[in-house]
Amino acid sequence: MFKVFVSHSSIDKELVDALRELITAAFSDEVEIKYSTASVAAGGIAAGQSWLEWIHHQIRDSDLTIALLTPLSRSNPWLIWEAGAVSGLGLSRGMGIPVVPLMYGIRQEEVPSPLGQRQAKSGTEFEDIHDLLESLRLTGQLSYTSDVDLPALITTYLTAVRKIGIPRMYDVFISCPMSSIEDIKEYKQMLDGIKKIDAIIREAGHSAYSAILRIGNSRSMDPEHIAAKTDLEALTKSRRFLMIYPKQVVSSCLLEAGYALISHIPSTYFVRSDEDLPYMLRGAVEAYGSANRFVYQDPKKIPTLFAKHFDEIIQA
C-alpha cells in the first residue's frame, strides 16, 4: 500500500476531498490517502485523539506528501512545519521523501521556502494534474485502475475544483472608473455590462469581484480608506485583472491596474482607444505577455466581446 499524506489548511478541505476522489479513482486500493480533516471512517483524527501525535504518525508512515497551497494557506506555519518535518525525516533515514507543492491560485514564485525548492504543480491545470498522477504511479510503482479513462477523470476533477472555488479567492477582479462617470445613463449602461460579464464568469463556474456590484445603482461610494482596504485586499486574492476603461480619466482603477501589473497578475484592458491608456500601460501590453487589450466602440458590445474572447482571457 502506497501511503500519501496531504498537508493542508482546514479551510481547503473540499479541495482535498476532490483530490482524494481523483487519486482513489485512478489507483483504486493501491493508494491510502490521509489528511487531518477527513472523516474518522476515512482515516481522519478520531475524537479524543492527539492531533499532534496523529500528524507525527502520518508523516512517519507516508511515502509521499502533497502540500496543498492556496493564497491563504501558503503562509500557514503548521503547513510549513509539516513539510519541514517530512524533509527532516527523509534526511534522518538517508533517503528523500517526495514532497509535492500543489498550487491553487498562486504561482511558483509565491511558494514559500523551503517548499519553493521543490518542483511544484498546479492543482487547476490538466497537464499538471496528469503529471502528479504519473509521479504517484512511478514513485509507488502503481498501476492505474483497469479501464480507467484518465482524461475524463481529470476533467471531472477540474470541474469539481471550479465548482468548489478556491476559498476566499477570485478568478477575475473587474475594475472600472465608475465614480468618474457622471452621466446617469452611461453609468447604468456600464453597470449593466459589468453585471452581464459577471454572469458569464459565474455561469462558467468561476468567481468574480467588482466593487461596483457592491455599490449597485446607489452610486454611494465607500469612504476612501474602506474602499482601498476592501478592493485592494480582493485584488491581492484575484487570479486575473480585467479593466474597462471608457475614457481618459484619473481613477483608482489605474492604481489597481498598476498593482496587478507589478504583481504579475494576468491583465486585460477593454478600451475605446489605445491612446486613452496611460503610457506605461500601453507599454505593458507590448512588453509583457501577461497583459493584453481589446478595443471597443459601443459599450453595449463589451459583454459580447468578453464572451467571444472568454477562453483567452480566463486562461491567460
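Counting of residues starts from 1 at the beginning of each chain's written sequence and follows it residue by residue. Per-residue local features are limited, in this predicted model, to residues with pLDDT of at least 70; the limit for side-chain atom pairs, both in listing and counting, is 80 or more; totals at the level of whole chains, interfaces and linings are taken over all residues. Only hydrogens and water are removed before side-chain values are computed, so all heavy atoms of the structure are retained for them.

(A) How the structure looks around the packing of aromatic side chains. Two rings from Phe, Tyr or Trp (for Trp, the six-membered ring) form a pair when their centres are within 6.5 Å of each other. A pair whose planes differ by under 30 degrees is stacked, one over 60 is edge-to-face, and the rest are tilted. Following the criterion strictly, the structure yields 7 aromatic pairs and no others. With a centroid separation of 5.3 Å and 25° between ring planes, the pair formed by phenylalanine 173 and tyrosine 209 is classed as stacked. One end of the pair, phenylalanine 173, is in strand β6 (residues 172-175); the other, tyrosine 209, is in strand β7 (residues 208-210), and 36 residues separate them in sequence. There is no split in this pair, since phenylalanine 173 and tyrosine 209 are both buried. Every helix listed is a DSSP run of H or I at least four residues long, and every strand listed is a run of E at least two residues long, numbered separately from the N terminus. Residue exposure (1.4 Å probe, protein chains only): buried if accessible area is under 20% of the type maximum, exposed if over 50%, otherwise partly exposed.

(B) Examining the packing of helix α1 (residues 13-27) against helix α4 (residues 126-140) more closely. Angles run from 0 to 180 degrees between N-to-C directions of axes, and those axes are lines fitted to C-alpha atoms, restricted for helices to the stretch in contact. Where α1 meets α4, the closest approach of the two axes is 11 Å, and the angle between their N-to-C directions is 55°. Of the possible angle classes, the one that applies to α1 and α4 is oblique. Of the two elements, α1 crosses α4, and the hand of that crossing is right-handed. In this structure, α1 contributes Leu19, Leu22, Ile23, Ala26 and Phe27 to the contact, and α4 contributes Ile129, Leu132, Leu133, Leu136 and Arg137. Residues are sorted three ways: Asp, Glu, Lys and Arg are charged, Ala, Val, Leu, Ile, Met, Phe, Trp, Tyr, Cys and Pro are nonpolar, and all the rest, Gly among them, are polar. Broken down by class, the residue content of the contact of α1 with α4 amounts to 9 nonpolar, no polar and 1 charged. Relative orientations are named as follows: roughly parallel for angles under 35 degrees, roughly antiparallel for angles over 145 degrees, roughly perpendicular for angles from 65 to 115 degrees, and oblique for any other angle. Left-handed describes a crossing whose near helix is turned anticlockwise from the far helix by less than a right angle; the clockwise case is right-handed. Note on contacts: a residue pair qualifies if any of its non-hydrogen atoms lie within 4.5 Å across the two residues.

(C) The arrangement of the pattern of salt bridges in detail. The salt bridge criterion pairs a side-chain nitrogen of Lys or Arg with a carboxyl oxygen of Asp or Glu, the two atoms within 4 Å. In this structure the tally under the stated criterion is 7 salt bridges. As a salt-bridge pair, lysine 13 and aspartate 17 come within 2.7 Å of each other at their nearest N and O atoms. Of this pair, lysine 13 and aspartate 17 both sit in helix α1, 4 residues apart, which is roughly one turn of that helix. Look at aspartate 17 and you get buried, because its relative accessible area is 15%. In this structure, aspartate 198 engages arginine 202 in a salt bridge whose closest nitrogen and oxygen atoms are separated by 2.9 Å. Taken as a pair, aspartate 198 and arginine 202 lie in helix α6 (residues 184-203) at a separation of 4 residues, close to a single helical turn. Take aspartate 198: its relative accessible area is 12%, and that puts it in the buried class.

(D) A look at the sheet that holds strand β4 (residues 99-103). For two strands to pair, DSSP has to find at least two bridges joining them. Ordered in space as β2-β1-β3-β4-β5, the 5 strands form an open sheet in which the pairing is parallel. Only two strands of the sheet have a single partner each, and these edge strands are β2 (31-34) and β5 (121-122). The sheet contact formed by β4 and β5 spans 2 bridges and is parallel. By the bridge assignment, methionine 103 is partnered in β5 with serine 122. Sheet strands touched by helix α2 (residues 51-61): β1 (2-7) and β2. Its angle to β1, the strand with the most contacts, is close to 135°.

(E) Representation of the side chain of serine 122. With respect to the helices and strands, the residue serine 122 is situated in strand β5. At 3.1 Å, the side chain of serine 122 and the side chain of threonine 124 are in polar contact. The residues touching serine 122, leaving out its near neighbours within four places in the chain, are Leu102, Met103, Asp128 and Ile129. Any pair of N or O atoms that falls within 3.5 Å is considered a polar contact. Within protein, one atom must be able to donate a hydrogen and the other to accept it, and sequence-neighbouring residues count only if both atoms are side-chain atoms.

(F) Fine view of helix α9 (residues 252-262). Looking only at α9, the buried set comprises Cys253, Glu256, Ala257, Ala260 and Leu261. Along the long axis of α9, the arc covered by the buried residues comes to 140°, so they all point the same way. Every exposed residue of α9 that faces more than 90 degrees away from the buried side is listed here: Ser252, Leu255 and Ile262. The N-cap residue of α9 is serine 251: its side-chain oxygen and the backbone nitrogen of cysteine 253 are 3.1 Å apart. One or two steps after α9, the chain reaches histidine 264, where phi turns positive at roughly 60°. Summarising the geometry, the arc corresponds to the directions from the helix axis toward the C-beta atoms.

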